[in-house]
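Fold and geometry: a report
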Protein chains: 2
Amino acid sequence: MDNTTLIGMIAAVCTTAAFVPQVLQILKSGNVDGISVAMYSILTFGVAMWLVYGIILQDLPMFLANLVTFLLSSSVLALTLRKRFQNRRNLGGAVPHI
Amino acid sequence: MDNTTLIGMIAAVCTTAAFVPQVLQILKSGNVDGISVAMYSILTFGVAMWLVYGIILQDLPMFLANLVTFLLSSSVLALTLRKRFQNRRNLGGAVPHI
């Protein structure tokens, strides 16, 4: 494997696996205060577009990497929204900052 | 421009611009509680690798998109670390959860 391919694989693994610690931190601490729902909504949509792009180009590595990223970023989004609405119920219906 | 190129551009713009709302939310609220430093450290390193990859391949769009993402993700990382160490000083030296 030449250096360029190696660098590309390291980049792909890092930018895919990076979201794992964020998911684990939310599951462990339950704290989603500083997390931007807008960011994860746009990011999840963008990664879904990369999935479609990978399917059209029949590029399996691109598809698989973005599938993992899609699952992770949508998990962060879902966990954050769920926690915000739990907080809302606890606040007796006051509208939370999303 | 054909549909495939359009989908690729939408994907690139979204996965690059997605970090802007997170940076703005931190600047506005100062709240970094739920943000994972591990995630942004790995992500920033991974995006830096994509930058190197783009330079080697002399792929300008890949370089420019990842340069923007690198600046945004490293901003989130720097703002989060700065806030955590400010909190540490306010707590009189107790070790904050990073």
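Residues numbered from 1 in each chain as written. Chains lettered and ligands numbered in written order. Predicted model: local features only at pLDDT ≥ 70, side-chain atom pairs only at ≥ 80, totals over all residues. Heavy atoms only, no water.

1. Points about the overall build of chain A
Per the secondary structure count, chain A includes four helices and zero strands. For chain A, the α and β elements follow one another from N to C terminus as α-α-α-α. The globule rule puts the C-alpha radius of gyration for 98 residues at 13 Å, and the 16 Å found for chain A is more than 25% above it. Projected onto its principal axes, the C-alpha coordinates of chain A cover approximately 60 × 25 × 15 Å. (Helix = DSSP H or I, 4+ residues; strand = E, 2+ residues; numbered from the N terminus. Rg over C-alpha atoms; globule rule 2.2 N^0.38 Å.)

2. With respect to the interface of chain B and chain A
Counting residues at the interface gives 34 residues for chain B, matched by 34 residues for chain A. Carbon and sulfur atoms make up 74% of the surface buried where chain B meets chain A, a total of about 3,000 Å² over both sides. Applying the counting criterion to the chain B and chain A interface returns zero salt bridges. Taken together, chain B and chain A are joined by 10 residue pairs in polar contact (both at pLDDT 80 or more). Secondary-structure elements contributing two or more residues to the side of chain B that touches chain A are helix H1 (3-17), helix H2 (19-29) and helix H3 (37-56) of chain B. (Contact = heavy atoms within 4.5 Å. Buried area = accessible area lost by both parts, 1.4 Å probe. Salt bridge = Lys/Arg side-chain N within 4 Å of Asp/Glu carboxyl O. Polar contact = N/O pair within 3.5 Å; in protein donor to acceptor, adjacent residues only side chain to side chain.)

3. What to know about the UniProt feature "transmembrane region" (unreviewed entry) in chain A
Listed under "transmembrane region" (unreviewed entry) in the UniProt record, and renumbered for this structure, are residues 6-25, 37-56 and 62-81 of chain A. Regarding residues 37-56 of chain A, the helix share stands at 100% and the strand share at 0%, and the terminal C-alpha atoms are separated by 29 Å. (UniProt positions renumbered as here; feature names shortened; annotations may be inferred.)

4. Let's talk about the relation of the copies chain B and chain A
Least-squares fitting of chain B to chain A yields an RMSD of 0.0 Å, with the transformation described by 0.0 Å of translation along the axis and a rotation of 180°. The relationship between the two copies is best expressed as a two-fold rotation axis. Considering only C-alpha atoms, the residue of chain B closest to the rotation axis is Gly34 of chain B, which sits at 2.5 Å. Interface overlap between copies is the fraction of interface residues in one copy that are interface residues in the other; for chain B against chain A it reaches 100%, indicating a shared surface. (Least-squares fit on C-alpha atoms with pLDDT ≥ 70 in both.)

5. A word on the packing of helix H1 (residues 3-17) of chain A against H3 of chain B
Interaxial distance between H1 of chain A and H3 of chain B falls to 8 Å at its minimum, and their mutual angle equals 150°. It follows from the interaxial angle that H1 of chain A and H3 of chain B lie roughly antiparallel. Pair H1 of chain A / H3 of chain B crosses with left-handed handedness. Contacts between H1 of chain A and H3 of chain B involve Thr4, Ile7, Gly8, Ile10, Ala11, Ala12, Cys14 and Thr15 of chain A on the former and, on the latter, Ile42, Leu43, Phe45, Gly46, Val47, Met49, Trp50, Val52, Tyr53 and Ile56 of chain B. (Axes fitted to C-alpha atoms, helices over the stretch in contact; angles between N-to-C directions. Parallel < 35°, antiparallel > 145°, perpendicular 65-115°, else oblique. Left-handed = near helix turned anticlockwise from the far one by under 90°.)

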